[in-house]
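Letter by letter, the chains look like this.
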Amino acid sequence: MVRRSRQNSYSDLRFFIEQSLENSSGFGSRVEIDGKLNRIADGLWHDNYWFWIRGRGLTPAQAEQAYVLRILKHGEEWQRGPEPRERLLREAETLQVLSRSNFSHPTPRFITFVEDADSQCVGMIETGLSGYSLGSYRDRSTLRHVSRVAADVHRFDINDFSHLPSSDNRKAHIELRFAELDESLCAEFHLAGDICRWIADYIPAVDSCCVLHGDLLPQNLLSEWPSAEQQDAPVAVVDWEMAQVWEPAYELAIVSRGDRKVLGVKNGLKVFVEEYLDCGGQPVSVDDVRVHEFLLLLNWLEESWREYQKPVPRGHGPDYYEAKLLSLFRSTIG
């Protein structure tokens with residue numbers, strides 16, 4: 001295997017893919033990429049490439065199947081270290097568990113890992129799923145799709161996902177995230193102190209956790225129809241990197257993020273919780289989700305506060321998050 005450079009060329013990536021597939025069971029020798037290697041939407045931790053293959057030993061199904069290379073980024077300091085690779089390994093195991101489940105939504109199928117010259121895992125190849133991303137649609141129909149998928153994911157047996165990070169119960173999860181905040185944040189921002197006290201008073205009684213997708217934003221849902229209005233159309237679910245066994249309300253907060261209009265829907269969080277419960281979701285309330293919205297915003301406030309102590313800061317300043325927290329807190333306490 002070639003040694004991975006700081007910025008892989010397309011020829012490097014083609015070699016990664018072809019060698020990895022040839023070394024994978026069931027693909028035979030002389031596997032080649034058929035046509036172009038197409039870069040698609042990437043994230044904070046991965047570059048993603050869509051491709052097809054050809055070769056003498058391929059079955060018709062393999063030759064007709066699209067594939068995706070997910071390769072770890074390492075250009076920034078925070079993208080290095082063991083954590084991204086560990087998440088990649090967990091995601092591969094999650095996909096394998098999903099392939100054995102009766103989950104009603106299509107998911108990618110894990111094919112093989114990609115290793116560098118030092119035999120370190122730097123990526124994986126999975127099957128590509130076709131469809132229109134729901135990330136372009138902000139309406140009630142999209143909210144309904146997200147609610148249905150969340151409810152379906154939360155019904156998984158956690159015993160099948162023992163490889164995922166987990167908390168014993170809802171209370172433990174909230175306390176863990178609460179403890180991650182810097183104590184000096186409350187001294188610097190009095191509003192943060194008020195919110196932290198509200199969270200501490202609200203922490204619910206001990207209750208069980210469930211399997212979460214962990215990043216159930218609309219862009220990770222694919223529909224066969226170019227509109228979210230087709231409620232009965234199959235919706236595929238991709239990007240399982242952040243899967244975990246935690247508090248179900250956290251899944252909803254990742255989508256709602258403290259916004260008044262969740263995916264463009266007025267009174268969005270109330271509607272979101274109602275849709276989720278109507279789809280058979282776990283028992284959660286609006287205030288359960290509010291706890292996690294506050295924790296997310298407090299975390300972003302802390303990150304912004306640290307960032308704006310640098311000579312050339314990036315992103316929103318602390319005032320932005322403090323204003324959002326104040327608005328959310330006032331609406332919560334009435």
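Before reading on, note that the structure itself is shown above.
Worth saying up front: this structure is predicted, and the values here are computed from it rather than measured.

Engineer: Explanation requested: the nonpolar core in the structure shown.
Structural biologist: Soluble globular proteins tend to pack their nonpolar side chains together in the buried interior. Core analysis: the largest hydrophobic core is formed by 51 residues, its most contacted members being Phe156, Leu221 and Trp240. With residues up to four places along the chain from it excluded, the contact list for Trp240 reads Glu91, Thr94, Leu95, Leu98, Phe103, Thr107, Pro108, Val153, Phe156 and His213. Core analysis: the second largest hydrophobic core is formed by 22 residues, Ile174, Leu295, Trp305 and Phe329 among them.

Engineer: Mind showing me how you'd approach the pairing of strand E6 (residues 110-115) here?
Structural biologist: In summary, the side chains of a regular strand alternate between the two faces of the sheet. Taken together, the 5 bridges between E6 and strand E7 (residues 121-127) define a ladder with antiparallel strand orientation. Across the sheet, the residue bridging to Glu115 is Cys121, located in E7. Between E6 and E7, which pair antiparallel and follow one another directly, the connecting turn spans 5 residues, one of which, Ser119, has a positive phi of 60 degrees.

Engineer: What is the right way to look at the sheet that holds strand E2 (residues 38-40) in this model?
Structural biologist: Paired through backbone hydrogen bonds, the strands of a sheet run either parallel or antiparallel to each other. Read from one edge to the other, the open sheet built from 5 strands follows the order E2-E3-E5-E7-E6, with strand pairing classed as antiparallel. Each edge of the open sheet carries a strand with a single partner, namely E2 and E6. Adjacent strand axes in the sheet meet at a mean angle of 25 degrees, parallel and antiparallel pairs treated alike. The pairing of strand E5 (residues 67-72) with E7 spans 5 bridges and is classified as antiparallel. The residue bridging Ile71 from the neighbouring strand is Gly123, located in E7. Strand contacts of helix H3 (residues 82-99): strand E3 (46-51), E5, E6 and E7, with the helix running at about 25 degrees to E7, the strand carrying the most contacts.

Engineer: I would appreciate a short explanation of the pattern of salt bridges in the present structure.
Structural biologist: Pairing is possible between side chains that carry opposite charge, provided their charged atoms lie close to one another. All chains considered together, the criterion is met by 20 salt bridges. Linking Arg87 and Glu83 is a salt bridge whose minimum nitrogen-to-oxygen distance equals 2.9 Å. Residue Arg87 and its partner Glu83 are located together in helix H3, separated by 4 residues, close to a single helical turn. A salt bridge links Arg87 to Glu241, with the nearest nitrogen and oxygen atoms 3.0 Å apart. Highlighted residues: Arg87 in helix H3 and Glu241 in the loop between strand E11 (235-237) and strand E12 (244-246), separated in sequence by 154 residues. Considered together, Arg87 and Glu241 belong to a single accessibility category, that of buried residues. Three or more residues are tied together by salt bridges with common partners; here these are Arg140, Arg144, Glu275 and Asp278.

Engineer: What should I look at first to understand the packing of helix H8 (residues 248-256) against helix H9 (residues 268-278) in this one?
Structural biologist: In helix packing, the relevant descriptors are the interaxial angle and the interaxial distance, both defined with respect to the helix axes. It is the contact of H8 with H9, at a shortest axis distance of 11 Å, that shows an interaxial angle of 135 degrees. Our classification of the angle between H8 and H9 gives oblique. Relative to H9, H8 is oriented so that their crossing is right-handed. Only Leu269, Phe272, Val273 and Tyr276 of H9 make contact with H8, whose side of the interface consists of Pro248, Leu252, Val255 and Ser256. The class makeup of the residues in the contact of H8 with H9 is 7 nonpolar, 1 polar and no charged.

Engineer: Is there a simple way to explain the sheet that holds strand E8 (residues 132-133) in this structure?
Structural biologist: Taken together, 3 strands build an open sheet; the order of strands is E8-E10-E11 and the sheet is antiparallel. The two strands at the open ends of the sheet, each matched to only one other strand, are E8 and E11. Bridge analysis of strand E10 (residues 221-223) against E11 gives 3 bridges, and the strand direction is antiparallel. Opposite Leu221, over in E11, you have Val237 as the bridge partner.

Engineer: Any chance you could explain the packing of helix H5 (residues 170-179) against helix H10 (residues 286-307) here in plain terms?
Structural biologist: Their axes nearest at 10 Å, the elements H5 and H10 cross at an angle of 20 degrees. Considered as vectors, H5 and H10 are oriented roughly parallel to each other. Handedness of the crossing formed by H5 with H10: left-handed. Of the residues in H10, those in contact with Arg170, His173, Ile174, Arg177 and Phe178 of H5 are Asp288, Val291, His292, Leu295 and Leu296. Tallied by class, the residues present in the contact of H5 with H10 amount to 5 nonpolar, 2 polar and 3 charged.

Here is what the cut-offs are and how they apply
- Residues numbered from 1 in each chain as written.
- Predicted model: local features only at pLDDT ≥ 70, side-chain atom pairs only at ≥ 80, totals over all residues.
- Heavy atoms only, no water.
- Core = buried A, V, L, I, M, F, W, Y, C linked by side-chain atoms within 4.5 Å.
- Buried < 20%, exposed > 50% of the residue type's maximum accessible area, 1.4 Å probe, protein only.
- Contact = heavy atoms within 4.5 Å.
- Pairing = 2+ DSSP bridges.
- Helix = DSSP H or I, 4+ residues; strand = E, 2+ residues; numbered from the N terminus.
- Axes fitted to C-alpha atoms, helices over the stretch in contact; angles between N-to-C directions.
- Salt bridge = Lys/Arg side-chain N within 4 Å of Asp/Glu carboxyl O.
- Parallel < 35°, antiparallel > 145°, perpendicular 65-115°, else oblique.
- Left-handed = near helix turned anticlockwise from the far one by under 90°.
- Nonpolar A, V, L, I, M, F, W, Y, C, P; charged D, E, K, R; others polar.

These results come straight from atomic positions and should not be treated as a statement about function.
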